[in-house]
Amino acid sequence: MKTDLTDTTSSKINKALVLGRRAIGTPAVGMVLTLVIVTDEENAYDALKAANEASREHPSRTLVVIKRGSRSPRDRANTRLDAEVRLGADAGSGETVILRLYGEVVDHAQSVVLPLLLPDAPVVVWWPVNAPTDPANDPLGALAQRRVTDTYAAEQPIEELTARAGTYTPGDTDLSWTRITPWRSMLAAALDQVHCTVTSAEVEGEEFNPSVELLAMWLAERLKVPVRRSRSNGPGLTSVRLQTSAGPIVLDRPDGSLATLSIQGQPDRAVALKRRETAELIAEELRRLDPDDTYAASLRYGLERLDEEAATTAPAPEQPVDVTAAAAEGEAAEAPAEAEKKAPAKKAPAKKAAAK
């Protein structure tokens, strides 16, 4: 069921929600939280699709806030709120309200969202793109217990990740961190199988992927070892190698779907480690509404400290051998080497006689 409201107010939207629930035969509100999605028109469809799929696990009232830009001073002076209310099969397992803001109301989105929040229910704000540098101090972020961003969608992901560390507030999280949950679980399980001491680590992944940096900082913070990052063609994370006192532990995923876990002295094992869709990531984040202390500790470890530790302590990669230079050196040393080899050959009979 869809209801379009043009030039409306929050009061009329609430009334449309009540009438819509009665029309489809579900007057009671069975939502467990309010999910506020702050996005633009270009990314609204994908974000809403992911939220609807996640609502099967977490029935919620989804408020999509789309801030429409105004091209002329006359349009900016014309303040308007348009809404689209979706219930039933059109809204997954929850309720959906798409809010389009025009004019000066764009700068006061919190005043539109606040009357539409479910009473006594937690609030989660998600920015699929264009997240603020300090989500907790954003007017919409201040309404939420959890604030979800995605640095992978930023123009400069690594710089954005560094900025997140400086403005972190309990309740902040990022989908780049959520993407490495299976990696962290698999590596922790591998270390539980072997009694050893980890001496260094290496994380390999595609360039400008914040998940690579977050996984490296997590390993460095938890294991207290130097971690080196190396570049690959992807997709995403491709491998993690742990150097231990009992031999190397390698988790390799070259195709983005199936990984191979190799532990010294044990047969290789194939493990499912596919790249997950956005719906799975946001569903995982909605499972917990308390602050993620592990994410905070890893984020605050710092990329600068990670670079310094890896540069000063981690073993350097092996350098390729110059075959031409090696051949030239071999020819220059060939004559002296043959002379040295002939001298022991003459003394061989004397050694045998002494042995007898």
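Residues numbered from 1 in each chain as written. Predicted model: local features only at pLDDT ≥ 70, side-chain atom pairs only at ≥ 80, totals over all residues. Heavy atoms only, no water.

Engineer: Would you mind going over the sheet that holds strand β6 (residues 123-126) with me for this structure?
Structural biologist: Two pairing modes exist for strands in a sheet, parallel and antiparallel, and in both the strands are linked by backbone hydrogen bonds. Sheet architecture is open: 8 strands sit in the order β1-β4-β5-β3-β2-β6-β7-β8, paired in mixed fashion. Unpaired on one side and paired on the other, β1 (2-5) and β8 (172-174) mark the two borders of the sheet. Strand after strand, the sheet turns through a mean of 15° between neighbouring axes, direction not considered. Bridge count between strand β7 (residues 146-149) and β8: 3 bridges; the pairing is parallel. Pairing of Thr149 across the sheet is with Asp174, part of β8. (Pairing = 2+ DSSP bridges. Helix = DSSP H or I, 4+ residues; strand = E, 2+ residues; numbered from the N terminus. Axes fitted to C-alpha atoms, helices over the stretch in contact; angles between N-to-C directions.)

Engineer: Which parts of the structure should I look at to understand the confidence of the model for the protein?
Structural biologist: Regions with low pLDDT carry predicted coordinates that are not meant to be interpreted in detail. Considering every residue of the protein, the mean pLDDT works out to 83; 83% of them sit at 70 or more. Mean pLDDT in the protein bottoms out at helix α13 (residues 334-355), which sits at 42, and peaks at β6, which reaches 96. In the predicted structure, residues 313-356 sits below a pLDDT of 50 and forms 8 contacts with residues beyond four places in sequence or in another chain. (pLDDT = per-residue confidence, 0-100. Contact = heavy atoms within 4.5 Å.)

Engineer: Where do I start with the side chain of Asp172 in this structure?
Structural biologist: Within the secondary structure layout, Asp172 lies in strand β8. A polar contact of 2.6 Å, which involves the side chain of Asp172, links it to the side chain of Arg147. (Polar contact = N/O pair within 3.5 Å; in protein donor to acceptor, adjacent residues only side chain to side chain.)

Engineer: It is not clear to me how the packing of aromatic side chains should be interpreted in this structure. Could you clarify?
Structural biologist: Aromatic rings in a pair are described by how distant their centres are and how their planes are angled relative to each other. Under the defined criterion, the tally for this structure stands at 2 aromatic pairs. Look at Tyr168 and Tyr295: their rings are 6.0 Å apart centre to centre, the planes differ by 65°, and that puts the pair in the edge-to-face class. With a gap of 127 residues between them, Tyr168 in the loop between α5 (157-166) and β8 and Tyr295 in helix α10 (residues 293-301) connect regions that are remote in the sequence. When sorted by exposure, Tyr168 lands in the same class as Tyr295, which is buried. (Phe/Tyr/Trp six-rings, centres within 6.5 Å; stacked < 30°, edge-to-face > 60°. Buried < 20%, exposed > 50% of the residue type's maximum accessible area, 1.4 Å probe, protein only.)

Engineer: Sorry, what's going on with the packing of helix α2 (residues 41-54) against helix α9 (residues 278-286) here?
Structural biologist: Each pair of packed helices gets described by two things: the angle between the helix axes and the distance between those axes. One way to put it is that α2 packs onto α9 with a least axis distance of 8 Å and a crossing angle of 55°. When the axes of α2 and α9 are compared, the pair comes out oblique. Every pair of crossing elements has a handedness; the one defined by α2 and α9 is right-handed. Judged by residue contacts, Ala50, Glu53 and Ala54 of α2 engage Thr278, Ala279, Ile282 and Ala283 from α9. Tallied by class, residues from the contact of α2 with α9 come to 5 nonpolar, 1 polar and 1 charged. (Parallel < 35°, antiparallel > 145°, perpendicular 65-115°, else oblique. Left-handed = near helix turned anticlockwise from the far one by under 90°. Nonpolar A, V, L, I, M, F, W, Y, C, P; charged D, E, K, R; others polar.)

Engineer: I would appreciate a short explanation of the pairing of strand β5 (residues 95-102) in the present structure.
Structural biologist: Where burial is concerned, most of β5 is hidden: 7 out of the 8 residues are buried. The pairing of strand β3 (residues 60-67) with β5 spans 7 bridges and is classified as parallel. Within β5, the residue paired with Ile66 across the bridge is Arg100.

Engineer: Please clarify how the pattern of salt bridges should be interpreted in this entry.
Structural biologist: Side-chain pairs of opposite charge can arise whenever the charged atoms involved come near each other. Applying the stated rule across the entire model yields 16 salt bridges. Arg147 is paired through a salt bridge with Asp172; the nearest N and O atoms lie 2.6 Å apart. In this pair, Arg147 is assigned in strand β7 and Asp172 in strand β8, connecting sequence segments 25 residues apart. There is no split in this pair, since Arg147 and Asp172 are both buried. With a shortest N-O distance of 3.2 Å, Asp290 and Arg288 are connected by a salt bridge. Looking at Arg288, the relative accessible area reads 32%, which means it is partly exposed. Salt bridges linked by common partners bring Arg21, Arg61 and Glu95 together as one network. (Salt bridge = Lys/Arg side-chain N within 4 Å of Asp/Glu carboxyl O.)

Engineer: Could you clarify how one ought to interpret α10 in this entry?
Structural biologist: Residue pairs three or four apart in sequence face the same way in an α-helix, which turns once every 3.6 residues. Within the span of α10, buried status applies to Tyr295, Ala296, Ser298, Leu299 and Tyr301. One side-chain oxygen of the residue at the start of α10 lies 3.3 Å from the amide nitrogen of Thr294, identifying that residue as Asp292. Directly beyond the C-terminal end of α10, a positive phi value near 95° is found at Gly302.

Engineer: Can you walk me through the nonpolar core in this structure?
Structural biologist: Among soluble globular proteins, nonpolar side chains are generally buried collectively. Judged by nonpolar contacts, the single largest core of 38 residues is most densely connected at Val203, Leu215, Leu219 and Val227. In this structure, Leu219 is in contact with Leu187, Ala201, Val203, Lys224, Val225, Val227, Val240 and Leu242, ignoring residues within four places of it in sequence. The next biggest cluster of nonpolar side chains, apart from the first, holds 28 residues, and it includes Ala16, Leu17, Val36 and Val85. (Core = buried A, V, L, I, M, F, W, Y, C linked by side-chain atoms within 4.5 Å.)

Engineer: Whenever I open this one, the sheet that holds strand β10 (residues 227-232) confuses me. Can you help?
Structural biologist: Across the sheet, which stays open at both edges, the 6 strands sit in the order β10-β9-β11-β12-β13-β14 with mixed pairing between neighbours. Each having just a single partner strand, β10 and β14 (269-272) make up the two edges of the open sheet. Ignoring strand direction, the axes of neighbouring strands in this sheet form an average angle of 15°. As defined by bridge partners, strand β11 (residues 237-244) adjoins strand β12 (residues 249-252) across 4 bridges and the pair is classed as antiparallel.

Engineer: Whenever I open this one, the environment of Ala246 confuses me. Can you help?
Structural biologist: Here Ala246 lies in the loop between β11 and β12. With 50 residues separating them in the primary sequence, Ala246 and Cys196 have C-alpha atoms 5.6 Å apart. With sequence-adjacent residues up to four places away left out, Ala246 is seen in contact with Val194, Cys196 and Gln264.

Engineer: Any chance you could explain the environment of Leu258 here in plain terms?
Structural biologist: Positionally, Leu258 belongs in strand β13 (residues 258-263). Through-space distance from the C-alpha of Leu258 to that of Lys274 is 6.3 Å; in sequence the pair is 16 residues apart. Once you skip the residues sitting within four places of it in the chain, Leu258 turns out to touch Asp252, Arg253, Ala270, Val271 and Ala272.

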